[in-house]
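Coordinate inspection notes
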Amino acid sequence: MRIGIIHLKKLFFTLSLILAHFTNLVCAEEPLRSTITKFYEVKPRTLSSVTNEFSFHYQVDEEGIYFSAHILNPDNLANRSEENDRPFENEHIRIYIAPNKNSVNAYVFAINRQNVFYDGTYNAQTGENLDWNGRWQHHVENSLGRWTAIGFIPWNNFTFATQTPRQEIQLLVSKHSNNNRRILSSSSTHSGFTEFLSSFTTLNILTSNNQNVEIFPYYSFNHTLENDSNKHRVGGDLFWQRNQSETIDLTITPDFGQVEANDLVINFSAIETFFSEQRPFFTRNQSNYDVSAPENLILVHTPRIGGQSNIEDVGARDINAAGRYTKAMKWGTMSLLGASENDEKMLQGRDFLLARVKFNHEDSSFGLSSNLVETPSINRRSIVLGLDYFAQVSPTHSLSLGIINSNIRGANESSDVGLWLESNAEVNETHIHSISAFVYGEHLDISDVGYVQRINRKQFEYEYTYLVNDMNEIPLEEIAFNTEVEVKTNFKNEKLPLVWGLSTEMTTTKDDLFEFGIELFTFGKDDTLTRGFNSTNIDMGWLLEGVYESRELPFGQIALEAIYGSENWSGRFSELMMSFNTEIATDIFGEFVFEKYHSQSWLKWEAENQVNEYILDELTLDVRFDYKFSEKHELRLRLELIAGKAQGKQAYQIQTNGTRKETERTDDFSFSEAAFQFRYKYSLSQLTAVYLSYTFGGEFENEKSTLSHRTLISDAISAKNEHNLFFKIRWEM
């Protein structure tokens, strides 16, 4: 390993950057150095040249790229908490690196003036994904009227197509203002545009091609207060980069950890709640499994591995072991991922074997995927095969399409196909067209290791956006007009609602944002509510929406959203959302989110063809405090509360033609959930830390709707169905 050399070089380079010049390093070949001082204003899309706000200096050698970014006349410091590996809302810089020429993937490294970072991948089809963790170094210096970010990104973060010392990489740098209202870029584009990846600057570099081994053991201890029980876990991850084009990764009992809390969600719908990946093993070297499609289809959704099974009556299982092999070549990349689960409740764990081959050619890629999942407890074998194609037809036009086939063998055998086509085109940098068409068979099943919101769909979507930037006569920076239409049916050829929407988004010269929109829904059938039984007719509906997001005010930032309309069986509904971010005291940040939903026609599926209608009032409160009293020490407190009261109106039996027949008056009910976390984190390094947390969660249900929201919340907190003390340490050997 070359960590010692990297630290020495980083320290030497940091000192030289603070002195504002580059030092000649002793090496076999003169290192590549350059300074970027000319940037383009790409949001709002004026494309005007800016030379006095931002400069980026960089130098590359065989170990990686060293950089220094200088931001002059920065935005007012945003009064909000920013957490590592979460999207930023305050001023920050982003460094995009594509390790291979004509790549459809890039890596993003972001730093803000608080020295908080995130990293992830960028895909031409799906945009940014933060479910990737890199290994890099950074530091921020703040002074009057400017801030400076310096750092080092090693080449061993990336997999190159060849093992030759000389490589080509692509580079783009951008500065984002508070709330991303204004973006300066080293090229005349940003990540929201089709031409983004084709606009990177090409750099010819020399790499060392040395192998690198990283070993991360962990130990965790969980004490459950409900039954006074203890659980100890020991495991670890090994990442072995044999050379610059080949990696082998292994893990033993990877830990979910209880250190990152998913948002609290009460879901009565037929659409599964989506959660992102948080385990370190599955956030490294995973970008080759990047197949995605409309309806949020993800062919490899790694939280399924070791997560709660949606086809078995069993919760999350431990993973015994998992391994991944990745090899990049001139023609593309191949990956193989295997994992085996532990047995749970006398049920044998599942086994996973995932393979992916991607062929790259100039501005296009072609991929082959194979997912095999064995579920012995129910005698089920799932095989999903996929083909996908992406092409950057021109700098302003992209095209992607794919086809997948699922075959389920065992007690409930099935087989079906899904296919899709997506296209984006930009005309004169102000007209943006997006088209999406897909067909997902009614028996398509990728749920063993994939994710999709809906199947049994034949759907077409079109979206058009018109950007207006030159508005010298009025106090607006940019206006975006947007219209979209959605036409769909299913394999019964039922008439599903047609959706049409129109909206406008305005950004003022003071960075306030306003958005207004209207959506119309035609009469049709809801074929997801009854989970495959008779589809129910839904009346024509509509909604009006207004959004306001303030600029950074002296006391913080506020956001408001209000929605009013008609839904389901001609019932009025309203939704109000408010958020407030502020700095309560020095380095103590608070975030408050309040949501209230009211519906006169809220529908809940009971069984088979029975659907109940309610008057629903639901309240959500999310309170969070963060205190980062040094770069290594961080305290977090978060409380999430949800309470709802459902007043029964009528129970209905849905007929084969979609009409409803009254049966009886349905009963009232109420519900609530609470989740609390207090967490202390001590960062040993960017990828290692010590965690100590106290958490509890509670659920409460009642057959009355007369209880107040306050009482419901109090009962959920008192329930404490889950109550834990947790300790975890992850370190590097």
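These lines cover the structure that appears in this document, whether it is placed above or below.

Analysis parameters
Residues numbered from 1 in each chain as written. Predicted model: local features only at pLDDT ≥ 70, side-chain atom pairs only at ≥ 80, totals over all residues. Heavy atoms only, no water. Pairing = 2+ DSSP bridges. Helix = DSSP H or I, 4+ residues; strand = E, 2+ residues; numbered from the N terminus. Axes fitted to C-alpha atoms, helices over the stretch in contact; angles between N-to-C directions. Buried < 20%, exposed > 50% of the residue type's maximum accessible area, 1.4 Å probe, protein only. Contact = heavy atoms within 4.5 Å. Patch = residues over 30% accessible without salt bridge, like charges linked within 9 Å, V, L, I, M, F, W, Y side chains within 5 Å. Areas by Shrake-Rupley, 256 points an atom, 1.4 Å probe, with all protein chains shown as cover. Salt bridge = Lys/Arg side-chain N within 4 Å of Asp/Glu carboxyl O. Lys, Arg positive; Asp, Glu negative; His and termini not counted. Charge placed at Lys NZ, Arg CZ, Asp CG, Glu CD. 1 Å grid on protein atoms, 1.4 Å probe; cavity = no way out; pocket = protein on both sides within 12 Å on 5 of 7 lines; lining within 4 Å. Points joined across faces, edges and corners; volume = space filled by probe spheres on them. Nonpolar A, V, L, I, M, F, W, Y, C, P; charged D, E, K, R; others polar.

In this section: the pairing of strand E34 (residues 541–549). Two elements, strand E31 (residues 513–521) and E34, share nine bridges in a ladder whose sense is antiparallel. By the bridge assignment for E34, Phe 516 is matched with Gly 546. Two elements, E34 and strand E35 (residues 557–567), share eight bridges in a ladder whose sense is antiparallel. In the sheet register, Tyr 548 faces E35, and the bridge partner there is Leu 560.

Turning our attention to the sheet that holds strand E10 (residues 137–143). Judged by pairing direction, the sheet is antiparallel, and its five strands sit side by side in the order E1-E4-E5-E11-E10 without closing on themselves. The open sheet has two edge strands, strand E1 (32–36) and E10, and neither has a second partner. Direction aside, the axes of adjacent strands within the sheet are offset by 10° on average. Bridge count between strand E4 (residues 54–60) and strand E5 (residues 64–72): seven bridges; the pairing is antiparallel. By the bridge assignment for E5, Ser 55 is matched with His 70.

Among the secondary structure elements, Gly 565 is positioned in strand E35. According to the relative accessible area criterion, Gly 565 is buried, its value standing at 0%. When the C-alpha positions of Gly 565 and Ile 654 are compared, they lie 24 Å apart, and in sequence the two are 89 residues distant. Sequence-distant contacts of Gly 565, that is, excluding residues within four places in its chain, are made with Trp 542, Leu 543, Gly 571, Arg 572 and Phe 573.

Attention now goes to a negative patch on the surface. On the surface, a cluster of negative charge is contributed by Glu 226, Glu 699, Glu 701 and Glu 722. Along the polypeptide, Glu 722 turns up in strand E43 (residues 722–730). On the accessibility criterion, Glu 722 (52% relative accessible area) is exposed.

A complete count under the given rule lists six cavities of 30 Å³ or more for this structure. Quantified by volume, the second largest cavity comes out at close to 130 Å³. In this structure, the second largest cavity is lined by 14 residues; those nearest its centre are Asn 156, Glu 214, Gln 241, Arg 284 and Asn 285. Contributions of two or more residues to the lining of the second largest cavity are made by strand E15 (212–224), strand E16 (229–243) and strand E17 (246–252). In terms of residue count, the dominant contributor to the lining of the second largest cavity is E16 (three residues). Among the residues forming the lining of the second largest cavity, the class breakdown is three nonpolar, eight polar and three charged.

Everything listed here is a matter of coordinates, which is why it stays silent on function.
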